[in-house]
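# Coordinates in review
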Amino acid sequence: HILLGAYRETLRLIALTGGNAAGLLLRRPLELAYPGRFSLRASSILPAPLHLLAGLLRADGLSFGDKLAAVGFMTRLVLRRFRIEPDVSVATLLDGYRQPAGVRRYLWEPLCVAALNTDARAASAQVFATVLADSFMHRRSDSDLLIPRVDLSALFPDLAVACLQSKGAGIRFGSAVTRLAGTGHGVIVESAASAETYAAVVCAIPPGRTNAIIDWNGHDAGIVKRQLNAFAYEAIVTCYLRYPSTVRLAHPMIGLEGPIGQWAFDRGALGGEPGLVAVVVSAAGQLRGPDAAHLAESIDAELRALMPGLPAPQAHRIITEKRATFRCAPGLDRPAVETPIKGLFLAGDHM
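Keep in mind that this is a model prediction, so the values were computed, not measured.

Next up on the list: the overall build of the protein chain. Within the protein chain, the regular secondary structure consists of twelve helices and 16 strands. When its C-alpha atoms are laid out on the principal axes, the protein chain stretches across 65 × 50 × 40 Å. Split into buried and exposed, the 351 residues of the protein chain put 44% on the buried side. Residue pairs at least 24 apart in sequence account for 65% of intrachain contacts in the protein chain once pairs closer than 6 positions are excluded. Total accessible area on the protein chain is roughly 17,700 Å²; 55% of this is exposed by carbon and sulfur atoms. One way to put it: in the protein chain the 36 positive side-chain charges average out to a point 3 Å from where the 30 negative ones average out.

What follows is the structure, encoded as structure tokens:
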């Protein structure tokens, strides 16, 4: 639901397909705000990584000792070149560097869950360290928060479709591929309606379905099949609450104390419907039990704790993506882009 300035390739693709990132995304210096509890805003003047250092030292809600511990953690990661060997969980890494509870609760753990969609107790410390390096160590703008002003389809997929069609590409919606197989002449793509051979095919479906449609017979694919089958998944839940149009959050994005909600977005402040608040819960496997009405009621209560006198929501909607991302576990062996089938390549956020 948010991007970082470090996502330069994503921004390049948006521009390549005709999108204006400045109009589609609200760009703000890194700001983490838990009203009444904690706030951190990276400097918009100093270069990286001093912009983060200044933000940490000025942060509200942390003791001076907490701030020094956070600075020390980043300094030690720099000294070890952000390499974590052997890979462990993020929680274990934070334990090893004696990160205080406040720093963990309001800084490292929210960043971990937001970036990896995996709880710190189960997330890869190496991937988390790489995210920190990419976001904070190169350019100041890399750590900027890019919050979509439009829905995610309008942000890129719709632009990509229009761009491809303008160049003569054929796009077939609702035409499920049932089988991919290698031949001496290329890769066969089969659907219920046709079977066509191409010189190259990029398979970008989720890993859980990849083995089901690729015919690996005749190819030494034992390793890649095991890698694809080894993925576990994490959910993301978004709860939309429609309040009267006069309702505003203190910031376009605020952190919630939980125990359910994590981040709340003021869609009105982002160019959307005034009074519409979107609350995002990442790594949301624990939310499989509550029904939509109960979940919306609980999240509304969490917002109400921050905003006494908040009017009752007029409507709600819950959207759950059960397999939003893979579980980014320590030491996860991910497949390569190239496969044992010549001309067949894998792509996706699991690569």
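Neither face of strand 5 (residues 145–148) is left uncovered, since the one carrying Leu145 and Ile147 and the one carrying Leu146 and Pro148 both have all their residues buried. Across two bridges, strand 1 (residues 3–4) lies against strand 5 in antiparallel orientation. In the sheet register, Leu3 faces strand 5, and the bridge partner there is Leu146. The pairing of strand 2 (residues 25–28) with strand 5 spans four bridges and is classified as antiparallel. Within the sheet, the bridge partner assigned to Arg28 lies in strand 5 and is Leu145.

In this section: the environment of Ala162. Within the secondary structure, Ala162 sits in helix 9 (residues 157–166). Overall, the relative accessible area of 43% leaves Ala162 in the partly exposed class. Sequence separation between Ala162 and Arg149 is 13 residues; the distance between their C-alpha atoms is 20 Å.

Right, let's get into helix 4 (residues 64–79). Along its 16 residues, helix 4 runs 22 Å from first to last C-alpha, staying within 8% of the 22 Å computed at 1.5 Å per residue. Within the span of helix 4, buried status applies to Asp66, Lys67, Ala69, Ala70, Val71, Phe73, Met74 and Leu77. Of the surrounding secondary structure, the elements contacted by the buried residues of helix 4 are helix 3 (50–58), helix 5 (90–96), helix 6 (101–116) and helix 7 (125–136). The positive-phi residue at the C-terminal boundary of helix 4 is Arg81, with phi of around 55°.

Judged by pairing direction, the sheet is mixed, and its four strands sit side by side in the order 8-7-6-10 without closing on themselves. In this open sheet, the two strands that pair with only one neighbour each are strand 8 (195–198) and strand 10 (214–215). As judged from the four bridges shared by strand 7 (residues 186–191) and strand 8, these two strands associate in the antiparallel manner. From the neighbouring strand, Glu190 faces strand 8, where its bridge partner is Ala195.

With that settled, the discussion passes to the nonpolar core. Counting residues in hydrophobic clusters, the biggest one holds 51 residues, and the most contacted among them are Leu107, Trp108 and Leu132. In terms of residues, this core owes the most to one element, helix 6, which gives seven residues. In this view, Leu107 contacts Leu32, Leu40, Leu56, Ala70 and Gly102; residues no more than four positions away in its chain are not counted. Formed by 21 residues, the second largest nonpolar core is a distinct cluster that contains Ala235, Ala264, Ala296 and Leu303.

The rules behind each value
Residues numbered from 1 in each chain as written. Predicted model: local features only at pLDDT ≥ 70, side-chain atom pairs only at ≥ 80, totals over all residues. Heavy atoms only, no water. Helix = DSSP H or I, 4+ residues; strand = E, 2+ residues; numbered from the N terminus. Buried < 20%, exposed > 50% of the residue type's maximum accessible area, 1.4 Å probe, protein only. Contact = heavy atoms within 4.5 Å. Areas by Shrake-Rupley, 256 points an atom, 1.4 Å probe, with all protein chains shown as cover. Lys, Arg positive; Asp, Glu negative; His and termini not counted. Charge placed at Lys NZ, Arg CZ, Asp CG, Glu CD. Pairing = 2+ DSSP bridges. Expected span 1.5 Å × (residues − 1). Core = buried A, V, L, I, M, F, W, Y, C linked by side-chain atoms within 4.5 Å.

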